[in-house]
Amino acid sequence: KQVLLILMMGACYVCLQAAQQPADPAKGLTLKNSHVRLEFEPKGMGLSALVDLQSGVNHIQSVKGKHLLWEVTLGRGTQREKVDNNYAPCNYARVESLAGGGQRAILEWNDLHWWLQDHMLSIRVTVDLPADSGIAQWRISASNNNDYWGMWSVAFPYVNGLPEPGKYDIARPLYGTGGQ
């Protein structure tokens, strides 16, 4: 009975490891199903491609500099300072398999040094791409570990490189704010 239990536990461990694939943030990351391909560029993990696999159209164009994914505005009194995903490289990334064949990307910027303080800001982004849809679910968690600077706003997903206005419609949050 003990041998069978140990074998079952080992099989569960192997299955869990196969369902979670660590990714190297220095190489970027891709999520893909039969509808869409999402590409996150190396280091900063900005969204650099959103390709409709039926038409072949990439809805994200090249930009001067780097692509964006999120932007946090910190405030103290009337002073505002912005930090985005390219301030420091993403330091943790992994892709998980979801029930039903979907994928989840987890991207983290942990313990960022900012404004003369270590471990000030941590960001966690989760993108769930179902197997049967071209629409992903995007989530962000931002932690401010500073008593001096308050978190003023978080823009997410903060995507640059979209086609000019009127080319097509896209739904995204306009602005999230607090502390006013």
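Our subject is the structure that appears above.
This report concerns the structure included in the present document. (Residues numbered from 1 in each chain as written. Predicted model: local features only at pLDDT ≥ 70, side-chain atom pairs only at ≥ 80, totals over all residues. Heavy atoms only, no water.)

## A short note on the side chain of R94
- Secondary-structure assignment places R94 in strand 7 (residues 92–97).
- In this structure the side chain of R94 is engaged in a polar contact, spanning 2.3 Å, whose partner is the side chain of Y92.
- Only 2.4 Å separates the side chain of R94 from the side chain of E96, close enough to count as a polar contact.
- Apart from the residues lying within four places of it in its own chain, the contact partners of R94 are Q20, Q21, P22, A23, L29, R104, A105 and I106. (Helix = DSSP H or I, 4+ residues; strand = E, 2+ residues; numbered from the N terminus. Polar contact = N/O pair within 3.5 Å; in protein donor to acceptor, adjacent residues only side chain to side chain. Contact = heavy atoms within 4.5 Å.)

## Regarding the environment of G75
- Its place among the elements puts G75 in strand 5 (residues 71–76).
- On the basis of relative accessible area, G75 is assigned to the buried category, the value being 7%.
- Placed 73 residues apart in sequence, G75 and Y148 show a C-alpha to C-alpha distance of 8.7 Å. (Buried < 20%, exposed > 50% of the residue type's maximum accessible area, 1.4 Å probe, protein only.)

## Observations concerning the sheet that holds strand 11 (residues 150–155)
- One open sheet holds the three strands; their spatial order is 6-5-11, and the pairing between them is antiparallel. Of all strands in the sheet, those bounded by a partner on one side alone are strand 6 (79–84) and strand 11. Strand after strand, the sheet turns through a mean of 25° between neighbouring axes, direction not considered.
- Bridge count for strand 5 against strand 11 is five bridges, and the pairing is antiparallel. Residue G75 lies in a different strand from strand 11, and its bridge partner there is G150. (Pairing = 2+ DSSP bridges. Axes fitted to C-alpha atoms, helices over the stretch in contact; angles between N-to-C directions.)

## Things to note about the packing of aromatic side chains
- By the definition in use, this model includes seven aromatic pairs.
- The interplanar angle of 80° and the centroid separation of 5.4 Å between the aromatic rings of W70 and W109 together place this pair among those described as edge-to-face. With W70 in the loop between strand 4 (47–52) and strand 5 and W109 in strand 8 (residues 103–114), this pair connects stretches of sequence that are 39 residues apart.
- Seen from their ring centres, W114 and W115 are 5.3 Å apart, and the 35° between their planes marks the pair as tilted.
- Aromatic ring contacts, followed pair by pair, group W114, W115, Y148 and W149 into a single cluster.
- The lysine or arginine in question, R76, covers the ring of Y148, its NZ or CZ lying 4.1 Å from the ring centre.
- Here the basic side chain of R80 rests over the ring of W152, its NZ or CZ set 3.7 Å away from the ring centre. (Phe/Tyr/Trp six-rings, centres within 6.5 Å; stacked < 30°, edge-to-face > 60°. Lys NZ or Arg CZ within 6 Å of the ring centre and 35° of its normal.)

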